[in-house]
Amino acid sequence: MKAALLDVRGVSRQFGGLKAVDDVSFALNEGEIVGLIGSNGAGKTTLVNLVTGHLRPTRGEILLRGQVITGRKPHELASRGLMRTFQVVQPFNDLTALDNVAAAAMFAGHTRSFSSAREQADAALSNLGISHCREHLPVRMTLAERKRLELARAWVAKPKLLFLDEVNAGLNSGEIEGVLGMIRKIAAEGVAIVIIEHLMKVVKGLCPRLIVLHRGQLLASGPTDEVARNPSVIEAYLGTRGAAAMLGERQ
Amino acid sequence: MSSRALLAIAIAVTGAVACAGLPLILAGEPYLMRLVTMFSLLLVLAASWNIVGGFTGYPSFATGAFFGLGAYVAAILQAKGMDWRLALVAAGIAGAVLAGPFGYGVLRLRGHYFAVASLMLGTILKELTTGWSGLTGGGMGLTIAGAGGDPELLAAFSLRISLALAILTVLMGAAIKWSRLGFGLDCIRMNETAAAGIGVDAQKLKTYAFTLSSVTSAIAGGIYAGWIGYIDPTDVYDVMWSVKPIVAVLLGGVGTILGPIVGAALFVALEEIVWRNVLSFSAGGLGVLIVLLLLVLPAGVLPSLVSRRKRS
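Residues numbered from 1 in each chain as written. Chains lettered and ligands numbered in written order. Predicted model: local features only at pLDDT ≥ 70, side-chain atom pairs only at ≥ 80, totals over all residues.

Colleague: Go over the overall build of chain A with me, naming the residues and quoting the values.
Modeller: A tally of helices and strands in chain A yields 9 helices and 10 strands. Against the compact-globule benchmark of 18 Å for 251 residues, chain A has a radius of gyration of 18 Å, which places it among compact chains. Taking all 251 residues of chain A together, the buried fraction comes to 45%. Residue pairs at least 24 apart in sequence account for 63% of intrachain contacts in chain A once pairs closer than 6 positions are excluded. (Helix = DSSP H or I, 4+ residues; strand = E, 2+ residues; numbered from the N terminus. Rg over C-alpha atoms; globule rule 2.2 N^0.38 Å. Buried ≥ 20, exposed ≤ 12 C-beta atoms within 10 Å, placed from the backbone. Contact = placed C-beta atoms within 7 Å.)

Here it is, written out as C-alpha cells:
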C-alpha cells in the first residue's frame, strides 16, 4: 500500500501540567480536504504547530510520505511542501504584497531568480483576486486581503499539504464565501488541505471528512455528516443540556 | 542600466579615485591623513555591522571582538615574519573561523539576549589575549614594524588599504542586500516566524551574514595594528570599537547602503569638533550631540532626507 501523505501517530505535547495535545493519531491522503475542528483551547493550533515543526512533540511520531519528520524545522518542512497559514496573519510589513509572495516563491518554492519569483507571485496575487494590492504594504490592506495574501504566499510555494489555521477568523460572511472559493481553487490543484476552524458550519460544505479535537484528545474522525451527528461531538460543542435540546428537536 | 548597478559603479569608481588620489593630495598633511584613515576603518566596521544589525535586525556588540582578534592575528603573524598581505588574509580567516560557530550558537537568541551574548565575546577574547602572554605579549602589548619604519610611507599605505577595504565592505553590503541572501535577511528581520514558515533557513542565513561581517571587521583590525604599530588588549578590545560603528550607522541610516558612509563621516567630524572645543568633556559632549541628532532624525540622516523630499 502507498504510504499516506501525512501520518500522525500517537502525538502528544505537554506544557507543564497541561496536555495540550494528548495521544492524537490520524492520517491524510494526497489531495484530501479535511476539517480540523474543536472548541477554543481544544489543541488545534498546537497540533498544527507540532506537524509543521513550530513545536516538538513530547511523544509520538509524524511521517510525511512515509518519512519520519518529527522534530524537523519549519523551514525544512516548508521547502518539502508542508505549508501553513497563521491564525494571526504574519506578513512581512516592509515588503509589498508582491514581494511578500515572491519571498515564498523563492525560498519555499525553490525559485532562484527574482524575476521568476515575482512573475509567480504576480500570478498568485491575481489568482487570489488581490492584484490591486500588488504594490501595497500589508498595513494598507484590509484583513480579508491580508488573509488572501497569506493564502497566496502558501499557494505560490506549490505545497503538497496546506494547513489553514482559522483563515476565516474575523471575516464577515461575504468575505468568508470569497476565501472558501479560493480554498476550493487551491484544492482543485490536488493540494491536500487541513482547515482548522471552530465553526462547524464553515467546514461542512467544504470538507468531506472531519477530525474533532476535544481537550487535546481525538474525539471523533470520519465523514462529515457522521461526525456532525455524533452525540459526543454535539455534547462537546453545546454542553450536555444544549445537546439534549438539539437532539430532542431533531426527533 | 539599473539604478543599483549605477550606484555600485559610482561607489567603486569614487572609491578607486579616492584610494589613488587622496594619499597624494594629503601628502604632508599627517593630521588629515590620520582622519581619513580613521574614517575608513570606522566605515569598514559600520558597513560590516550594518549587515547583521541593519539588514538582519540582530544588534551585535561583537564587532570589536573581531576587530581585536584580527589585530592580534595580523600582528603576531607579521612579528613572525609573515608578509602583511597574507597576515591580513589570515586575520580575515580567523574572523570567519571564530564567527561561524559563535554566530551559529548565539544567533538563536533574539533582541537583548543576543546583544548581551555578543558583547561577552570581546571580554572573553581580551582576557584570553592578556593571559596568553607568551604569544601575545599580554598586557605589555605587541609592536609591529610596518613599512620598514617610514612614517610617511606607512600613513599613505594605511590610508589606501583601509579605504579600499571600506569600499569593498560597502559593495559587499550592497551585493548581499540585493541578493537572495539579503531577501532572506529582510524576511528574518521583519518576522522570523513567518520567514521560517516560507522556507527561509534563518539559522543558516544569519550565520552567513554574521560570518561575512566578521571577516571584514577582523581585516580592519589587522590594518589598524599595522598602522598604529603598537597594540595592547585594552586598546583593540575596547568596547568602543563595537559601539562607534553602531552609532555611525544609526546616524547615517540603518539597513541602507550609503548610511554607513554618511554616518561614519558624520561621526568622525563630530568627534573632531568636540575634541577641539570641549576637550575636558569630549566623550560627554559627543554623547549629547549624538543623542540630539538621533532625536531629530531617528531613522538616520539619509532616510530622513529622503522621506522629507518625498513629502514636499
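Colleague: Give a description of the overall build of chain B that names residues and reports values.
Modeller: Across its full length, chain B holds 15 helices and 2 strands. At 19 Å, chain B has a C-alpha radius of gyration in line with the 20 Å of a compact globule built from 312 residues. Structurally, chain B occupies a C-alpha span of about 55 × 45 × 45 Å along its principal axes. Here chain B holds 312 residues, and the buried ones make up 48% of them.

Colleague: With reference to specific residues and values, describe the packing of helix α2 (residues 30-55) of chain B against helix α7 (residues 151-177) of chain B.
Modeller: Residues and elements named next belong to chain B. Between α2 and α7, whose axes approach to 9 Å, the crossing angle comes to 20 degrees. In terms of axis orientation, α2 runs roughly parallel to α7. α7 is crossed by α2, and the crossing has left-handed handedness. Grouping the constituent residues of the contact of α2 with α7 by class yields 16 nonpolar, 8 polar and 1 charged. (Axes fitted to C-alpha atoms, helices over the stretch in contact; angles between N-to-C directions. Parallel < 35°, antiparallel > 145°, perpendicular 65-115°, else oblique. Left-handed = near helix turned anticlockwise from the far one by under 90°. Nonpolar A, V, L, I, M, F, W, Y, C, P; charged D, E, K, R; others polar.)

Colleague: An account of the nonpolar core is requested, with residue identities and associated values reported.
Modeller: If you look at the biggest cluster of nonpolar residues, it comprises 170 residues, and the most contacted ones within it are V101, A152 and I193 of chain A together with L42, A74, I198 and A209 of chain B. Counting contributing residues, this core receives three or more from each of domain 1 (1-81 + 159-251) and domain 2 (89-158) of chain A. Those residues in contact with I198 of chain B that sit more than four places away from it in its chain are A78, A103, A104, F107, A108, R153 and A157 of chain A. (Core = buried A, V, L, I, M, F, W, Y, C linked by C-beta atoms within 7 Å. Domains from an automatic or database assignment.)

Colleague: Requested: an account of unusual backbone geometry, with residues and values cited.
Modeller: Most peptide bonds take the trans form, and the phi angle of most residues other than glycine is negative. Residue and element names in this part refer to chain A. Even without being glycine, D23 reaches a positive phi, approximately 55 degrees. Take D23: there are 14 C-beta atoms within 10 Å of it, and that puts it in the partly exposed class. For R65, which is not glycine, the phi dihedral falls at a positive 45 degrees. Note on placement: R65 falls in the loop between β4 (59-64) and β5 (67-68).

Colleague: Would you mind going over the sheet that holds strand β1 (residues 6-15) of chain A in detail, with residue names and values included?
Modeller: Residues and elements named next belong to chain A. One open sheet accounts for 4 strands, arranged β2-β1-β4-β5; its pairing is antiparallel. Each edge of the open sheet carries a strand with a single partner, namely β2 (18-28) and β5. Sheet strands touched by helix α1 (residues 44-51): β1, β2 and β4. Its angle to β2, the strand with the most contacts, is close to 65 degrees. (Pairing = 2+ DSSP bridges.)

Colleague: Outline the packing of helix α3 (residues 63-79) of chain B against helix α4 (residues 84-106) of chain B, listing residues and values.
Modeller: Working note: a packed helix pair is described by the angle between its axes plus the distance between those axes. All names here are of chain B. Axis separation between α3 and α4 bottoms out at 8 Å; the angle between their running directions is 140 degrees. Here α3 is positioned oblique relative to α4, judged by the angle of their axes. For the pair α3 and α4, the crossing hand works out as right-handed. Residues F66, L69, G70, V73, A74, L77 and Q78 of α3 touch α4, and the partners they reach there are W84, A87, L88, A90, A91, A94, G95, L98 and A99. Class assignment of the residues belonging to the contact of α3 with α4 gives a composition of 13 nonpolar, 3 polar and no charged.

Colleague: So what about the environment of W155 of chain A? Which residues, and what values?
Modeller: Within the fold, W155 of chain A resides in helix α5 (residues 143-155). Apart from the residues lying within four places of it in its own chain, the contact partners of W155 of chain A are A124 and I186 of chain A.

Colleague: If you had to explain the pairing of strand β8 (residues 192-197) of chain A to someone new, which residues and values would you point to?
Modeller: Residues and elements named next belong to chain A. Burial of β8 is extensive: 6 of the 6 residues sit out of reach of the surface. Neither face of β8 is left uncovered, since the one carrying A192, V194 and I196 and the one carrying I193, I195 and E197 both have all their residues buried. As paired strands, strand β3 (residues 33-37) and β8 are joined by 5 bridges and run parallel to one another. Residue pairing for β8: I33 is matched across the bridge by I193. Taken together, the 5 bridges between strand β7 (residues 161-165) and β8 define a ladder with parallel strand orientation. Directly across from D165, in β8, lies its bridge partner I196. Note that the unit made of β7, helix α6 (residues 173-188) and β8 has a crossover that is right-handed. (Right-handed = clockwise from strand over helix to strand, strands pointing away.)

Colleague: Summarise helix α12 (residues 240-252) of chain B; cite the residues concerned and give the values.
Modeller: Residues and elements named next belong to chain B. An ideal rise of 1.5 Å per residue puts 18 Å on 13 residues; α12 measures up with 18 Å between its terminal C-alpha atoms. Residues of α12 that are buried include every one of W241, S242, K244, P245, I246, V247, A248, V249, L250, L251 and G252, and no others. Directly after α12, the chain includes G253, whose backbone phi takes a positive value near 145 degrees. (Expected span 1.5 Å × (residues − 1).)

Colleague: Just give me the short version of the environment of D186 of chain B, but keep the residues and values in it.
Modeller: Turning to its location among the elements, D186 of chain B is positioned in helix α8 (residues 180-190). By C-beta crowding, D186 of chain B is classed as buried, having 21 other C-beta atoms within 10 Å. Residues D186 of chain B and G92 of chain B, 94 residues apart in the sequence, show an inter-C-alpha distance of 25 Å. With near-sequence residues (within four places) excluded, D186 of chain B lies in contact with L95 of chain A together with F55 of chain B.

Colleague: Tell me what's going on with the interface of chain A and chain B, and back it up with residues and numbers.
Modeller: Listed per partner, the contact involves 17 residues of chain A and 16 residues of chain B. Sorting the residues of the side of chain A that touches chain B by element identifies α2 (74-79) and α3 (97-107) of chain A as the ones contributing at least two each. Residue composition of the side of chain A that touches chain B, grouped by class: 10 nonpolar, 4 polar and 3 charged.

Colleague: Account for the domain arrangement of chain A, with residues named and values stated.
Modeller: Residues and elements named next belong to chain A. Partitioning chain A into domains gives domain 1 (1-81 + 159-251) and domain 2 (89-158). For domain 1 versus domain 2, the separation of C-alpha centres amounts to 25 Å. Opposite the 11 residues of domain 1 that make contact, domain 2 presents 12 residues. For the side of domain 1 that touches domain 2, the leading source of residues is α6, giving 4 residues. Partitioned by chemical class, the residues of the side of domain 1 that touches domain 2 number 8 nonpolar, 2 polar and 1 charged.

Colleague: Give a description of the sheet that holds strand β10 (residues 217-223) of chain A that names residues and reports values.
Modeller: All names here are of chain A. Across the sheet, which stays open at both edges, the 6 strands sit in the order β6-β7-β8-β3-β9-β10 with mixed pairing between neighbours. The open sheet has two free edges, formed respectively by β6 (82-85) and β10, since each of these has just one partner strand. Sheet twist, expressed as the mean angle between neighbouring strand axes with direction ignored, is 15 degrees. Where β3 and strand β9 (residues 209-214) come together, 4 bridges link them in parallel fashion. In the strand pairing of β9, I37 is matched with V212.

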